[in-house]
Each structure stands twice: as C-alpha cells, then as structure tokens.
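Secondary and tertiary structure notes
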Amino acid sequence: MISAREREIGMFGCKCLCWNNLTEFPSLKQPQTFSLPASLPHWPSGQGFASGRINLGDLEVAEITSFELIWRYVSPRDKNKSVSFYRPDNLPDSFHCLGHYCQPDSHLLRGFVLVAKDIVKSALAKPLDYTLVWSSNDLSEDEPKSEGCGYFWLPKPPRGYKPVGFLVTTSPTKPDLDQVRCVRADLTDKCEAHRVIITALSDSLRVPLFIWKTRPSDRGMWGKGVSAGTFFCRTPLMISTEEMEEEEEDRLCNNIACLKNLDSSLHAMPNLDQIHALVQHYGPRVFFHPDEVYLPSSVSWFFKNGAVLCSADNQEPVDENGSNLPHGGANDKQFWIDLPNNDEQRNKFLKRGDLESAKLYVHVKPAFGGTFTDLVFWIFCPFNGPATLKLGLMNLSLAKTGQHVCDWEHFTLRISNFSGELHAVYFSQHSGGEWVEAQDLEFVDGSNKAVVYSSKHGHASFARSGMYLQGSDLLGIGIRNDTARSDLFVDSCSKYEVVAAEYLGGAVVEPPWLGYMREWGPKIVYGSRTEIERLNERLPWRLRCWVDAVLRKLPVELSGEEGPTGPKEKNNWFGDERW
C-alpha cells in the first residue's frame, strides 16, 4: 500500500534519471581522502585501546572509515556546494550497518560510522519496514538535477528497538531489510543534532531538506552516549511548529538514537604508558606572539618565586607544590592567590613568566562513552595582559581592560580509541572556543603534532595565525586577538605533566594545587568601561551606537580584574567542550 507521505514525496513518480550504481554515472567519482601527515606508531600494549573494536556490553562495535559513494546532492544555485552520501565498506564478518554517512565535498573525505555485532542475540534486529523521508524528485522540473536521484529512508524498528541512522539509495525501491539493523532500546541513548551539514532551502525544492551531524545528548567525562557517526535529516513536514522555534543546535533527534556504553570498565581507554605515547606523538607546539611579554611558567616556578595566598585578614607565601592551599570544597571567595607586594618582583619578574620552566598540564578523560579519549592540555600564565580595542582602522591599547593576575587556558585533543588516530582539536577562546578537524590543522614539520597559536596578552588558542576579533567582524569593532609564529614556544610533547586521569583510579597522583578550588587572583573592580566610553566619545556620533552595541556583548571580565578559578572549577573538567 502506498502511504500518503510516499505519494507526497513522489516516490512512484520519478522525474529525473536514476542510477542504481556509480558505474552508470561517471561523474560520481570517489573523493580524495585525508590522512595525517605521519604514520601512527605502534602503541604500547594494553587492554583494548587502538584494537579496532570496542565492547559496549551486549554489543561490540567497530569503526569503519572506508566508504562507498552512493549519491551526491549539488545545490541548484551553487554548483560548488555539494554533499555526498556513503555506505560503510569492508565490514568485518558478522558486523552490521547501522546507518549511512555523509559530509560536505568541500572537505577531503574523513569520517567514521560504527557497525555493530550482537554479543547477546537480542541486541540487534532487522527493521520491519522503511519510511521514505525525502526524495530529490522534489526538485522542480525546470531546475538542474543533482547527480541521479536520492532517496532517504528511515528504518521502522520492531517494538523495543530504535534506529540509529538513515539509509540513502538512488532507487525508489525500498532497501532490503537486511541492509541495516536497529538496536535494542536499552542499549541506546538520546541523540541530538548539533551542526548543520546542509540546508536545502532553494525555491526549487517543494519539500526542503535539513541535514545535521549528530552527537549524544549525554556527554562529558561520565557520559555513556556513543556517537555512531550517522547523520540526521528532517523535512518541515516532520517538524512541529514548536520544534521549528527551537535552536537548531539544541534540537533533539526524536527519530534516531545513539548508542550507549554499558561496560563500566572502559576497557578501550589508554593506560598510563599509552597516555605518555599519545602525548609524545601528538603533543602540539604552542606559539606565543613575538611581542608577548606575559609568558607562561610552571605552577611551581610561580609559587617558588613569590606568589602569596591571601584572605581577608592574612597573607602567606605559597609552598612550591601548593600544599598549603585550601583543598577541595567550593569557591567561597574567602581565599585568592596574588602577586607579592614588592613592585619590582611583581611587575618586572613574576608577571613576565618563565618560558624555560613552562609545561603543559594534561588531564585525560573519556569522551563519547569511552570510545574517544580527550587529552586536555592546560597552560598557566602568571598574568593576563590588557586588551587592544579595534575601532575600524584604529587600534587603541587599553591601560587595564582585560588584565588580571593568573591565567589558565587550554586546548583539547580528541583521539579515537578504535585506532589511536587524532580526530579533532578544541581551541579554547575566552568564554567560548571551537573544534577544528584534523584536516584543517597546521602541523609541525610533517609530524602529527598540531600547531597552537596563543593570542597576545590574552592567551586564547587558535588553529591559525592572524588577527581574530572578539566583537563584530562586520563593523571591525572589538577586542583584538593577535597570533603569530615566533621563537617563543613550548613543545607540549616533551614539556608536560599528566596531572589527572580519574578513570585510572590512583595511577595518577594529582598535585596539591589542582585541588585548590578558589580564585587564582584578586578581584579588583575598576572603570574599564569608562575607559572605553571615553574613547567612544571621540568618535563620530554615527559610529558610537555601533561601538556601544558591540561593547554590550563583550565579556563582563572586561569591567575589572578577577583571577580565574583553577582547571577543576571549569565546566569542561567533567563536561564536554563547548561546541
């Protein structure tokens, strides 16, 4: 029986030529793939890290990175914008497809989908049927077509099971039921859409298509959600009015689920020897701006050379390892760390840091239910310098705005526990940040060590050198973040200390200062806004309203000095990085 939805999409009324395989359509060439600059080493032996397969409890999953191209969607309005859809290739024996993969053609092919084998026979089940979600037949007849017809199918699971991905075909005939498996509901977790891959909103589409990447809703160090690497798609006919009003980044994928790791042993996480091998192989080189005067140091150098612990009625030197700092609890504002009162020691010595002693402090934690490892590299600077305000062609160095005692910044390497391959790097940038995929990174001299650029005075992390504006790029108004290569750098592959890896139990002894949960600097309120406002008064009145609008969006910390809290007080210590 033909459903109303299938009649609406036009499943049985193809208006363009379709091909069931790529050989009949020569222009559908397999895109180039991306590989890291250097080959991977032989990792030290361990339990399950980089073994190619991971046990999730009742399921065993394998990561597939080789694909067969199925169909390509080309934007009718811009031939340079296209997305390709793939099926996983070369599945291991007894493993089953859970869904197909897609990515924009603007990038080299590099991604993954998980395939699954049931350890317990009831873990997987064939779908009962398929629902046609969208077809490229919805292109109007006077528009150029994509390369063949594409049909998007959602598996209909048996009761008690959930689909994990969609299938794409070039035929209006439903796929064989044996082509995909649904997963028992208790072995799945909630999934959400978080990055738009393509929004087909051309007037030529009578039924527009929205496609997102997916991620588990339950993330962070203890999150059990596992990304299957599949995509999520919807049409307006599938989305309620209430959902249309939600932010795309937060929209839940009600039609598909992700997997869940029920194996509490996290056997695929690296052991201590493997952690050191990963850091030594991937540890980035951190470049500071050639004009940087507020350089990093080790925490022990900072303590040993005059840092003091302050309270309302007391001040005492901090021990070299921080053993006399208050430990644990919450940030009750009763204690803070400060520079010494001696002006020469404070301004000409401690503020400038000590590059020779500087090291990266590494926190190792599970991601995506233990199928990835996050290596979080924390870098410490005794002082964060004042900002520079950009007003169009003018650059104004501010006297105080943005400065504060002590600065903790970080970047994160996300590594696949299936292969030990670097997946992406997160660059922390003040109150936000961004994930950059491996193929978009800059690497050091043909190695797999990424380059990290630290911004002048503010120490935010970026993947490329240049000037980044914290404000409005369109208007050219905001706080500058300048990055460049120089002789001032730290190689984190050799200058590092693993300070925490909770999943290893007591294998890593945390330094005493890591448990200090109060502020690493005093709170000083000053009129920095007044400083900027005085500058604003000199501008033409038409420009002032634009400047005011941008300034209202800048972080609150620009209104005064307040030392940051330590790494363990940051949201990303236990949670996932902000996307």
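Residue numbers run consecutively from 1 along every chain, following the written order of its sequence. In keeping with the predicted nature of the model, local features appear solely for residues at pLDDT of at least 70, side-chain atom pairs appear and are counted solely at 80 or more, and the whole-chain, interface and lining totals rest on all residues. The basis for every side-chain value is the complete set of non-hydrogen atoms in the structure, without hydrogens or water.

- The chain is annotated in an unreviewed UniProt entry as (rape) hypothetical protein from Brassica napus.

**As for the overall build of the chain**
- A tally of helices and strands in the chain yields 7 helices and 38 strands.
- In this scheme, a residue with accessible area under 20% of its type's maximum is buried, one over 50% is exposed, and one in between is partly exposed, where area comes from a 1.4 Å probe on protein chains only. Considering the chain as a whole, with its 579 residues, one finds that 57% of them fall into the buried category.
- Residue-level accessible areas treat just the shown protein chains as cover; the underlying method is Shrake-Rupley with a 1.4 Å probe. A total of about 24,900 Å² of accessible surface is found on the chain, and carbon and sulfur atoms cover 49% of it. A helix here means a DSSP run of H or I that spans at least four residues, while a strand means a run of E at least two residues long, and both kinds are numbered starting from the N terminus.

**Brief notes about the nonpolar core**
- In plain words, nonpolar cores are sets of buried Ala, Val, Leu, Ile, Met, Phe, Trp, Tyr and Cys residues tied together by side-chain atoms within 4.5 Å. Within the largest apolar cluster, 41 residues are counted, with the highest numbers of intra-cluster contacts made by Leu375, Leu422 and Leu441.
- Secondary-structure elements contributing two or more residues to this core are α3 (272-282), β20 (285-288), β24 (360-367), β25 (372-384), β28 (404-416), β29 (422-429) and β36 (496-500).
- Ranked by the residues each element gives to this core, the list is headed by α3, at 5 residues.
- Among residues more than four places away in sequence, those in contact with Leu441 are Leu422, Val425, Phe427, Val436, Ala450 and Arg464.
- One finds Leu339, Trp513, Trp520 and Trp573 within the second-largest nonpolar core, a separate group that totals 28 residues. Should any heavy atoms of two residues lie within 4.5 Å, those residues are counted as being in contact.

**Let's talk about the sheet that holds strand β10 (residues 151-156)**
- Strands sit in the order β9-β10-β12 across an open sheet of 3 strands; the sheet is antiparallel. Each having just a single partner strand, β9 (129-135) and β12 (167-169) make up the two edges of the open sheet. When the angles between neighbouring strand axes are averaged without regard to direction, this sheet yields 35°.
- Across 6 bridges, β9 lies against β10 in antiparallel orientation. Across the sheet, Asp129 pairs through a bridge with Lys156, a residue of β10. Note: two strands are recorded as paired if DSSP finds a minimum of 2 bridges between them. Where helices are involved, their axes are fitted lines through C-alpha atoms of the stretch in contact, as for all axes, and angles between N-to-C directions lie from 0 to 180°.

**A word on the pairing of strand β16 (residues 209-216)**
- Within β16, 7 of the 8 residues are buried, leaving the element largely enclosed by the surrounding structure.
- With 4 bridges connecting them, β16 and strand β18 (residues 231-234) associate as antiparallel partners. Counterpart to Phe210 in the pairing with β18 is Arg234.

**Quick look at the side chain of Thr412**
- Looking at where Thr412 falls in the secondary structure, it is placed in strand β28.
- Two N or O atoms form a polar contact when they lie within 3.5 Å of each other; inside protein one atom must be a possible hydrogen donor and the other a possible acceptor, and for residues adjacent in sequence the pair counts only when both atoms belong to side chains. Of note is the side chain of Thr412, whose polar atom sits 2.5 Å from the side chain of Glu577.
- If sequence neighbours within four positions are ignored, Thr412 has contacts with Asp374, Leu375, Val376, Ala424, Val425, Tyr426, Trp435 and Glu577.

**Concerning empty space enclosed by the protein**
- In this analysis, the protein atoms alone were mapped onto a 1 Å grid. Cavities are point sets where a 1.4 Å probe fits without being able to get out; pockets are open sets with protein on both sides within 12 Å along at least five of seven lines; lining residues have an atom within 4 Å of a point. Grid points are joined across faces, edges and corners, and a volume is the space filled by probe spheres set on the points. Inspection of every chain in the model, using the stated rule, returns 2 cavities of 30 Å³ or more.
- When its volume is computed, the largest cavity comes out at roughly 40 Å³.
- For the largest cavity, the full set of lining residues is Val286, Phe288, Ile379, Glu409, His410, Phe411, Ser454, His459 and Ser461.
- When residues of the lining of the largest cavity are traced back to their parent elements, those giving at least two are β20 and β28.
- Looking at the lining of the largest cavity, the element that brings in the most residues is β28, giving 3 residues.
- A class-by-class count of the residues in the lining of the largest cavity yields 4 nonpolar, 4 polar and 1 charged. Only Asp, Glu, Lys and Arg are considered charged, only Ala, Val, Leu, Ile, Met, Phe, Trp, Tyr, Cys and Pro nonpolar, and every remaining residue, Gly among them, polar.

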